[in-house]
Amino acid sequence: MPSSGANRVHRDNCRCTECVNQDTRQRNFNTFEINPNIELDHVSSGSDGVTVKWSDGHTSVYPWSFLQFYQNTNHRSKEEDELECWGAEAANVPPSVPYGEVMKSDSAVGKLTAKIVKHGFAFVTGTPYEDPEDTRRLLERIAFIRITHYGGFYDFTPDLAMADTAYTNLALPAHTDTTYFSDPAGLQSFHLLSHKQPPGMKTVSTSDTASGGKSLLVDGFHAARLLQKEAPEAYEVLSTVRLPWHASGNEGITIAPDQRYPVLELAKDTGELFRVRWNNDDRGVVPFDERFSPAEWYAAARKWDAILRRKDVECWIQLEPGKPLIFDNWRVLHGRSAFTGIRRICGGYTNRDDFISRWRNTNFPREAILERIIG
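Anyway, here's the lowdown on the structure attached to this text.

How each quantity is defined
- Residues numbered from 1 in each chain as written.
- Predicted model: local features only at pLDDT ≥ 70, side-chain atom pairs only at ≥ 80, totals over all residues.
- Heavy atoms only, no water.
- Helix = DSSP H or I, 4+ residues; strand = E, 2+ residues; numbered from the N terminus.
- Contact = heavy atoms within 4.5 Å.
- Areas by Shrake-Rupley, 256 points an atom, 1.4 Å probe, with all protein chains shown as cover.
- Lys, Arg positive; Asp, Glu negative; His and termini not counted.
- Charge placed at Lys NZ, Arg CZ, Asp CG, Glu CD.
- Axes fitted to C-alpha atoms, helices over the stretch in contact; angles between N-to-C directions.
- Parallel < 35°, antiparallel > 145°, perpendicular 65-115°, else oblique.
- Left-handed = near helix turned anticlockwise from the far one by under 90°.
- Nonpolar A, V, L, I, M, F, W, Y, C, P; charged D, E, K, R; others polar.
- Expected span 1.5 Å × (residues − 1).
- Buried < 20%, exposed > 50% of the residue type's maximum accessible area, 1.4 Å probe, protein only.
- Pairing = 2+ DSSP bridges.
- Core = buried A, V, L, I, M, F, W, Y, C linked by side-chain atoms within 4.5 Å.
- Phe/Tyr/Trp six-rings, centres within 6.5 Å; stacked < 30°, edge-to-face > 60°.
- Lys NZ or Arg CZ within 6 Å of the ring centre and 35° of its normal.

## Brief notes about the overall build of the protein chain
- Broken down by element type, the protein chain carries 10 helices and 16 strands.
- Sequence-distant contacts in the protein chain: of pairs separated by 6 or more residues, those separated by 24 or more amount to 73%.
- Approximately 19,100 Å² of the protein chain is accessible, and the part contributed by carbon and sulfur atoms is 50%.
- Within the protein chain, one finds 43 positive and 50 negative side-chain charges whose respective centroids are separated by 3 Å.

This is how it looks when you write it as structure tokens:
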């Protein structure tokens, strides 16, 4: 006979229509009103599962699939990601999906989100660029646009409208955005709407790299694997030492995450890398109270920086009007070369959870998702 504690667990996880709201899939009762000493009155089995009548008068049915799963494990794992790491060669045939398809069909949204999950980035070809609202509508096909201190959907030129080097024409090294948020942006997007010389000069063709502004992409997971293979002690340092991060350039805004975070964030249950948080410009003072000294951190970070700058790791791609880039900000670092002239770029951030939800719901059957998420 199971203990009263085990009985409470089973009773709390009843799957019947009385206990689970079939519209919201939420628990429909107060767990803490269950009698701590609840007992089994009667148990029977059939082709659909096991039926239990409890001492409180309730009857529960547990499907065989539910019981069999929880006999072997105590929680649901996330979907298996088929990641494909890359380096400089990704520029040759970058993953892409046509704009027209994405706007018409959820199956095409599924293709787009699946490519981003697999490769970390994708282009959307044939996107109208006369009006940035077309790009906004494209991003909203994935999920709503995240609001930050920069606003929501952005449409800017290098005018330092915000106190950030992104609003200049300077070269930017490989980095991830919003390192200073507890929950960094999940997706980021850039759509080059135009690139012109200052007034009075001829327009520069976007295929003419003499004007600069090529985009740099680095697969952070690939770089981390190289670091772990070549310098495992450096990998351990960067995944252990928790750093302060901040955004303090704009008057009245001082943002820092809820706690310090390492450069390489590992899942607690598997030890696998799930997020890269790297922007040396936004980093605070390396702490002295960690297992590794600041000197050890600087030595490890130097090796990491050197890998990020390798020619076979850097992927350089020229952005073009009509071809917005969407990438995973938890995985892919981005940067650019310096440029002359006036570039107009639009885009936005998307929350990670909303992106993953959209990916799930456009790539897997609804019941399979609910089984994995709810249990």
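## Digging into the packing of helix α4 (residues 106-119) against helix α9 (residues 352-361)
- Between α4 and α9, whose axes approach to 8 Å, the crossing angle comes to 125°. In terms of orientation, α4 and α9 fall into the oblique class. As for how α4 packs across α9, the hand of that crossing is left-handed. Along its contact with α4, which presents Asp 106, Val 109, Thr 113, Ala 114, Ile 116 and Val 117, the element α9 presents Phe 355, Arg 358 and Trp 359.
- By residue class, the composition of the contact of α4 with α9 is 6 nonpolar, 1 polar and 2 charged.

## Focus on the environment of Thr 51
- By the element assignment, Thr 51 lies in strand β2 (residues 49-54).
- Thr 51 sits 11 residues away from Tyr 62 along the chain, and the two C-alpha atoms are 6.4 Å apart.
- Apart from residues no more than four positions distant in its own chain, Thr 51 is found in contact with His 42, Val 43, Ser 44, Thr 59, Ser 60 and Val 61.

## A look at α4
- Here α4 spans 20 Å end to end across 14 residues, near enough to the 20 Å set by a 1.5 Å rise per residue.
- Those residues of α4 lying buried are Ala 108, Val 109, Gly 110, Leu 112, Thr 113, Ile 116, Val 117 and His 119.
- Buried residues belonging to α4 abut β4 (96-98), α3 (99-104), β5 (121-125), β8 (187-196), β13 (325-328) and α9.
- One or two positions beyond α4, positive phi appears at Gly 120, with a value near 95°.

## Here's the deal with the sheet that holds strand β12 (residues 315-317)
- Taking strand neighbours across the sheet as the criterion, the 4 strands line up as β7-β14-β9-β12 in an open arrangement whose pairing is antiparallel. Only two strands of the sheet have a single neighbouring strand rather than two, namely β7 (172-175) and β12. The average undirected angle you get between the axes of adjacent strands in this sheet is 20°.
- Note that β7 and strand β14 (residues 332-336) share 2 bridges and pair antiparallel. Bridge pairing in β14 places His 175 opposite His 334.
- Its contacts with the sheet put helix α6 (residues 220-230) on β9 (215-219) and β14, and the angle it makes with β9 is roughly 50°.

## Observations regarding the nonpolar core
- In terms of nonpolar packing, the biggest core is built from 39 residues, with Leu 227, Leu 238, Val 263, Leu 264, Trp 278, Trp 297 and Trp 304 touching the most fellow members.
- Looking at this core, the elements that each hand over two or more residues are β9, α6, α7 (232-238), β11 (273-276) and α8 (294-308).
- If one sorts the elements of this core by residue count, α8 sits on top with 6 residues.
- With near-sequence residues (within four places) excluded, Leu 227 lies in contact with Pro 232, Ala 234, Tyr 235, Leu 238, Leu 264, Lys 303, Trp 304 and Ile 307.
- Counting 23 residues, the second largest nonpolar core, distinct from the first, contains Ala 108, Ala 122, Phe 153 and Cys 346.

## Some thoughts on the packing of aromatic side chains
- As enumerated under the stated definition, the model contains 14 aromatic pairs in all.
- Judged by centre distance (4.9 Å) and plane angle (80°), the rings of Phe 69 and Tyr 70 are edge-to-face.
- Residue placement shows Lys 323 over the ring face of Phe 123; its charged tip is 5.1 Å from the ring centre.

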